[in-house]
Amino acid sequence: MARTVLLRPAVINFFADLQPLHSALDYHLERHNVLTSNVAHVDTPGYRPNDLARVDPKDFAAVLQVTMERTAPGHLGSASELSGNRAGRVFEDPAAGAGNDGNFVSLDRESAKLAANHLRYDVVSALAASEIKGLMYAANDGKG
Amino acid sequence: MLGVFSALEVAASGLSAQRVRMNTIASNLANVRTTRTPEGGPYKRLDPVFEAVDIERLRGTPSLSQGVSLVQVQRVVEDNRPGTLVYEPGHPDANAQGYVEYPNVHAVEEMVNMITASRAYEAGITSIESVKQMARSAIEIGR
Amino acid sequence: MSGIAPISTQLAHVDGALDGAKTEKVHDGLPTFGEVMGGVVASANERSKFAGDMAEAFAAGARDDIHGTMIALSKADVELRFVGAVRNKVIDAFYELWRMQL
């Protein structure tokens with residue numbers, strides 16, 4: 001199902017600030033999948049851990065920004081833009097060739113990444129929730 | 001799409017894989033002194049071999065290319081390293097020279113493997129808990 | 001009795017004047033209020049339908065997107081409330097004008 005909905009442009013777009021938050025949520029959820037896969041493959045011979053490429057405006061200052069430049073390539077865009085960017089797969093250069101099965105996954109490293117990623121997802125989710133709350137307040141004409 | 005449910009599937013496959021590993025370790029430890037097997041010769045230690053498999057439900061967008069895959073047991077192999085020879089002429093399984101070949105299982109090695117398998121299992125559990133909590137925060141949006 | 005006919009013709013006259021007023025559009029490049037309202041209502045409608053479809057697909061297991069579905073539902077909710085609030089304001093404004101004329 002397509003993400004872009006409206007067949008004609010909305011007269012007023014209240015939801016412009018929500019868009020980058022939505023994209024960030026997509027990104028973190030996808031990254032969770034990749035990191036979980038790394039953990040699952042800790043004993044798969046020859047497996048190299050994957051990660052999503054860092055996307056530039058990922059720090060919260062940029063996410064909280066009211067207007068966000070989306071013209072430059074590599075900037076966080078809609079999910080459809082992200083999915084086109086599949087070249088964002090990297091594998092970490094392992095410090096050591098790890099196990100004798102040629103596996104390069106470090107459980108500690110992946111666990112740390114998972115924890116950080118989880119936290120970011122939760123924070124962005126809270127931001128989105130609060131954004132919606134604000135809009136709801138305004139839409140209810142200031143009456144909650 | 002890569003979302004909560006795919007993450008759960010991947011993590012679950014990891015848990016199953018580690019469970020298989022635990023079972024082979026248990027079998028190895030149980031048979032540490034098995035000098036005779038139906039195939040003849042001492043017990044040979046077992047090792048599971050894993051492989052990466054595409055997530056089927058994501059038809060059309062092969063998950064492997066996105067860096068996400070399920071882990072599956074490809075096969076369980078026997079370790080063909082020679083066992084320890086112990087001089088025990090009176091033993092029913094002694095060879096002509098009086099040596100008994102004991103299985104190539106080393107308790108310490110198996111214990112280390114057991115610990116890493118257990119850690120990997122826990123990491124999988126943690127990732128499942130994580131994604132459950134993430135889903136709960138998502139549900140809070142618009143509540 | 002005889003007074004009614006002139007009143008009814010008067011009303012018809014006012015009605016006709018209103019009709020005429022409707023067809024006369026002042027075009028200065030900006031959308032009229034009617035167009036704006038029409039756009040907003042249409043957008044709210046579409047968004048509600050989309051959100052409903054998404055929720056249905058999710059419930060049926062066809063889609064996996066938790067935060068996407070929640071965001072779509074919230075957006076539809078906000079937009080509907082907004083349309084309702086604007087409608088209330090329009091009605092209030094209309095009644096004020098109505099009271100003024102009489």
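For clarity, every value in this text was computed on a predicted model and none was experimentally measured.

1. Looking at the overall build of chain A
Right, so step 1: Of the regular secondary structure elements, chain A holds four helices and two strands.
Right, so step 2: Each helix and strand of chain A, placed in order from N terminus to C terminus, yields the pattern α-β-α-α-β-α.
Right, so step 3: A burial count over chain A gives 33% of its 144 residues as buried.
Right, so step 4: Once local pairs closer than 6 in sequence are excluded, the contacts in chain A between residues at least 24 apart make up 78%.

2. Digging into the overall build of chain C
Right, so step 1: Each helix and strand in chain C was counted, giving three helices and zero strands.
Right, so step 2: Its helices and strands in sequence order give chain C the pattern α-α-α, from N to C terminus.
Right, so step 3: Across the 102 residues that make up chain C, the buried fraction comes to 21%.

3. Overview of helix α2 (residues 107-139) of chain B
Right, so step 1: When the terminal C-alpha atoms of α2(B) are compared, their 48 Å separation across 33 residues agrees well with the 48 Å that a helix rising 1.5 Å per residue should span.
Right, so step 2: Taken together, the buried residues of α2(B) touch α1 (18-40) and α4 (107-139) of chain A, α1 (4-30) of chain B together with α3 (66-101) of chain C.

4. A look at the packing of α1(B) against α2(B)
Residues and elements named next belong to chain B.
Right, so step 1: Between α1 and α2, whose axes approach to 9 Å, the crossing angle comes to 160°. By the angle between their axes, α1 is roughly antiparallel relative to α2. Seen along the crossing, α1 lies across α2 with a hand that is left-handed. Residues Val4, Ala7, Leu8, Ala11, Gly14, Leu15, Gln18, Arg21, Met22, Ile25, Asn28 and Leu29 of α1 lie in contact with α2, whose contacting residues are Ala107, Glu110, Asn113, Met114, Ala117, Ala120, Tyr121, Gly124, Ser127, Ile128, Val131 and Ala135.
Right, so step 2: In terms of residue class, the contact of α1 with α2 is made up of 16 nonpolar, six polar and two charged.

5. Focus on the nonpolar core
As a rule of thumb, soluble globular proteins bury nonpolar side chains together.
Right, so step 1: A:Leu21, A:Leu25, A:Val124, A:Ala128, B:Ile141 and C:Ala72 are the most contacted members of the largest nonpolar core, which has 54 residues in total.
Right, so step 2: Elements that contribute at least two residues to this core include exactly α1 and α4 of chain A, α1, β1 (46-53), β2 (70-78) and α2 of chain B together with α2 (33-59) and α3 of chain C.
Right, so step 3: Per element, the largest residue contribution to this core is 10 residues, and it comes from α1(A).
Right, so step 4: In this structure, B:Ile141 is in contact with A:Ser125, A:Ala128, A:Ala129, A:Ile132, C:His67, C:Met70, C:Ile71 and C:Ser74, ignoring residues within four places of it in sequence.

6. Quick look at the interface of chain A and chain B
Right, so step 1: Contact residues are listed per partner, giving 29 residues for chain A and 35 residues for chain B.
Right, so step 2: Only α1 and α4 of chain A provide two or more residues apiece to the side of chain A that touches chain B.
Right, so step 3: Among the elements that line the side of chain A that touches chain B, the one with the most residues is α4(A), at 11 residues.
Right, so step 4: For the side of chain A that touches chain B, the residue count by class is 14 nonpolar, 10 polar and five charged.

7. Some thoughts on the confidence of the model for chain A
Residues and elements named next belong to chain A.
Right, so step 1: When the pLDDT values of chain A are averaged, the result is 70; 58% of them are 70 or greater.
Right, so step 2: Between the elements of chain A, mean pLDDT differs from a low of 36, seen in helix α3 (residues 79-84), to a high of 93, seen in α4.
Right, so step 3: Across residues 1-11, where pLDDT falls below 50, the model places 17 contacts with residues more than four positions away in sequence or in other chains.
Right, so step 4: Across residues 59-88, confidence stays below pLDDT 50; counting only partners more than four residues off in sequence or on other chains, it has 38 contacts.

8. Here's the deal with the confidence of the model for chain C
Residue and element names in this part refer to chain C.
Right, so step 1: In this model, chain C carries a mean pLDDT of 76, and residues with pLDDT of at least 70 account for 71%.
Right, so step 2: Taking the mean pLDDT of every element in chain C, the minimum, 49, falls on helix α1 (residues 4-23) and the maximum, 89, on α3.
Right, so step 3: Overall, residues 15-25 carries pLDDT values under 50, and its contacts beyond four positions in sequence, including any with other chains, amount to one contact.
Right, so step 4: The ipTM, which scores confidence in the relative placement of chains, is 0.89 for this predicted complex, and the corresponding pTM is 0.77.

9. Some points on the interface of chain C and chain A
Right, so step 1: Residue-level contacts link 18 residues of chain C with 19 residues of chain A.
Right, so step 2: Elements represented by at least two residues in the side of chain C that touches chain A include exactly α2 and α3 of chain C.
Right, so step 3: Ranked by residue count, the leading element in the side of chain C that touches chain A is α2(C), at nine residues.
Right, so step 4: Within the side of chain C that touches chain A, the residues separate by chemical class into nine nonpolar, four polar and five charged.

10. Here we look at the packing of α2(B) against α3(C)
Right, so step 1: Orientation of α2(B) relative to α3(C), taken along the N-to-C sense of each, is 5°, at an axis distance of 8 Å. Our classification of the angle between α2(B) and α3(C) gives roughly parallel. On the side of α2(B), the interface is formed by B:Ala135, B:Ala138 and B:Ile139, while α3(C) contributes C:Ile66, C:His67 and C:Met70.
Right, so step 2: Partitioned by chemical class, the residues of the contact of α2(B) with α3(C) number five nonpolar, one polar and no charged.

Conventions and cut-offs
- Residues numbered from 1 in each chain as written.
- Chains lettered and ligands numbered in written order.
- Predicted model: local features only at pLDDT ≥ 70, side-chain atom pairs only at ≥ 80, totals over all residues.
- Helix = DSSP H or I, 4+ residues; strand = E, 2+ residues; numbered from the N terminus.
- Buried ≥ 20, exposed ≤ 12 C-beta atoms within 10 Å, placed from the backbone.
- Contact = placed C-beta atoms within 7 Å.
- Expected span 1.5 Å × (residues − 1).
- Axes fitted to C-alpha atoms, helices over the stretch in contact; angles between N-to-C directions.
- Parallel < 35°, antiparallel > 145°, perpendicular 65-115°, else oblique.
- Left-handed = near helix turned anticlockwise from the far one by under 90°.
- Nonpolar A, V, L, I, M, F, W, Y, C, P; charged D, E, K, R; others polar.
- Core = buried A, V, L, I, M, F, W, Y, C linked by C-beta atoms within 7 Å.
- pLDDT = per-residue confidence, 0-100.

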